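# An overview of the molecular structure
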Amino acid sequence: LVGLMNGGIGLVCFVLTQEYVGKSYWAMTGTLASMSFAVGIALFAALGYFIRPWRTLAMAANSSGVLFFLLSVMLPESPRWLYSQGQTERAEEVLRYIAQKNSNKANNLVLQRVSAGKAGYHDNRRSGVLQLIVHPVLRLRTVVLMYVWYACSLVYYGLTLGAGDMSGSRYLNVAMYGVVELPAYPLCIYFINKHWAGRRKSMAAFLCLAGVACLCTTLVPDTSGLFLSVTSLALLGKLMVSAAFNIAYVYTSELYPTVIRNAGLGVCAMSCRVGGILAPFVPSMVSVPHFLHQQVRSFFKVPLPSLLNLFKDF
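Conventions and cut-offs
- For every chain, the first residue of the written sequence is number 1, and numbering continues from 1 along that sequence.
- Given that this is a predicted model, residues contribute local features only at a pLDDT of at least 70 and side-chain atom pairs are listed and counted only at 80 or more, while totals for whole chains, interfaces and linings are drawn from all residues.
- Working from all heavy atoms in the structure, the side-chain values ignore hydrogens and water.
- Here a helix means four or more residues in a row that DSSP labels H or I, a strand means two or more in a row labelled E, and each is numbered from the N terminus.
- Burial classes follow relative accessibility: with a 1.4 Å probe on protein chains only, a residue under 20% of its type's maximum area counts as buried, one over 50% as exposed, and anything between as partly exposed.
- Only the contacting stretch of a helix is used when fitting its axis, a line to C-alpha atoms as for every element, and angles between N-to-C directions run 0 to 180 degrees.
- Orientation labels follow simple angle bins: below 35 degrees gives roughly parallel, above 145 gives roughly antiparallel, 65 to 115 gives roughly perpendicular, and whatever is left gives oblique.
- Handedness of each helix crossing follows the sense of rotation of the near helix against the far helix: counterclockwise by less than a right angle gives left-handed, clockwise gives right-handed.
- Any two residues whose heavy atoms approach within 4.5 Å are treated as being in contact.
- Salt bridge criterion: a side-chain nitrogen from Lys or Arg within 4 Å of a carboxyl oxygen from Asp or Glu.
- In summary, the pairing rule links any two rings of Phe, Tyr or Trp, Trp by its six-membered ring, whose centres are within 6.5 Å, and it sorts them by plane angle into stacked for under 30 degrees, edge-to-face for over 60 and tilted for everything else.

### Description of the environment of Gln131
Looking at the element boundaries, Gln131 is found in helix H7 (residues 129-134). Note on Gln131: relative accessible area 28%, which makes it partly exposed. Placed 129 residues apart in sequence, Gln131 and Ile260 show a C-alpha to C-alpha distance of 7.7 Å.

### Here's the deal with the packing of helix H2 (residues 26-50) against helix H10 (residues 184-192)
Each pair of packed helices gets described by two things: the angle between the helix axes and the distance between those axes. Where H2 meets H10, the closest approach of the two axes is 9 Å, and the angle between their N-to-C directions is 160°. By the angle between their axes, H2 is roughly antiparallel relative to H10. Helix-helix and strand crossings are classified by hand; for H2 and H10 the assignment is right-handed. Contacts between H2 and H10 pair Ala27, Met28, Thr31, Ser34, Met35 and Ala38 from the former with Tyr185, Cys188, Ile189 and Ile192 from the latter.

### Looking at the pattern of salt bridges
As a working rule, side chains carrying opposite charge can pair if their charged atoms are close by. In the structure shown here, the tally under the stated rule is 4 salt bridges. Across the pair Lys238 and Glu181 runs a salt bridge whose closest N-O atoms are separated by 3.0 Å. Placement of the pair is Lys238 in helix H12 (residues 230-255) and Glu181 in the loop between helix H9 (170-179) and H10, with a sequence separation of 57 residues. Exposure remark for Lys238: the relative accessible area of 0% places this residue in the buried category. Residue Glu181 is classed as buried on the basis of its relative accessible area, which comes to 0%.

### As for the packing of aromatic side chains
The final tally for this structure, using the stated rule, is 11 aromatic pairs. Taken together, a centroid distance of 6.0 Å and an interplanar angle of 90° make the contact between Phe191 and Trp196 edge-to-face. Classification of Phe191 as partly exposed rests on a relative accessible area of 27%. Between the aromatic rings of Phe245 and Tyr249, the centroid separation amounts to 5.7 Å while the plane-to-plane angle is 40°, which identifies the pairing as tilted. Residue Phe245 and its partner Tyr249 are both found in helix H12; the two are separated by 4 residues, about one turn of the helix. An aromatic cluster of at least three residues, connected via ring pairs, comprises Phe14, Trp149, Tyr156, Tyr157, Phe245 and Tyr249.

Scope: geometric values only; no functional claims are made or implied.
What follows is the structure, given as structure tokens:
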């Protein structure tokens, strides 16, 4: 039940964060929201070091959700969503409230009213998951993005859950796999805002680098040095796939219009959870010769850049 609720809360929080700000800030806010995952992994490792009973650890880790629930009831509704539903007056009230909190004057803020001819655009029956299937462009985007999210999730959680099987302290290893993600987010902010890189090219590049890092683990012997070892290559792969995963969040939110953004992200997150379900079984393949489990991860990376060429870059 906790996992079910956390998955939904995280997705809705990401969408709200994006829709509270202008599109020019989406790369920044989306990256900062994703950074909380890396911080959470590192903090969970530290919490697990001091709290060993798993039931007590679960209660301590999830008790903070009560505080965030109390804070969430104070958040206003998304003005973009309100406007897309034809609730223009409420959208104006939210925008004035946000402007007031930012010490800006917006007393004369007036949004453009939607004409009666466009009223069907706000019909709830025409928006939702069915739009992802009926519309051919959205259908193609959804299928490709579901595959991207699935592959990213399989590698991301496969490497994270495999940290406990490494030699040394499992708490330090898990924390290290969380901290190694932090450099990925400044890289994302830098590359996706450059006109010569953008979202699509940056995500394809990070996916390729993650696949290469996983494949290279099959070529490195266990007795290799510190800087060129299976562990260092796995950490490099974790950094690259974290960057790709972050861009996938930002890119997906931009590819869907407001009325179906939450539905599109929800479908992609559903395929993402399938990869997360299979991820715990990937480290168990370590006994397979030549680290076949790393090749399995890399297999899902190879066709992704070519599939991403179907999208128009931002």
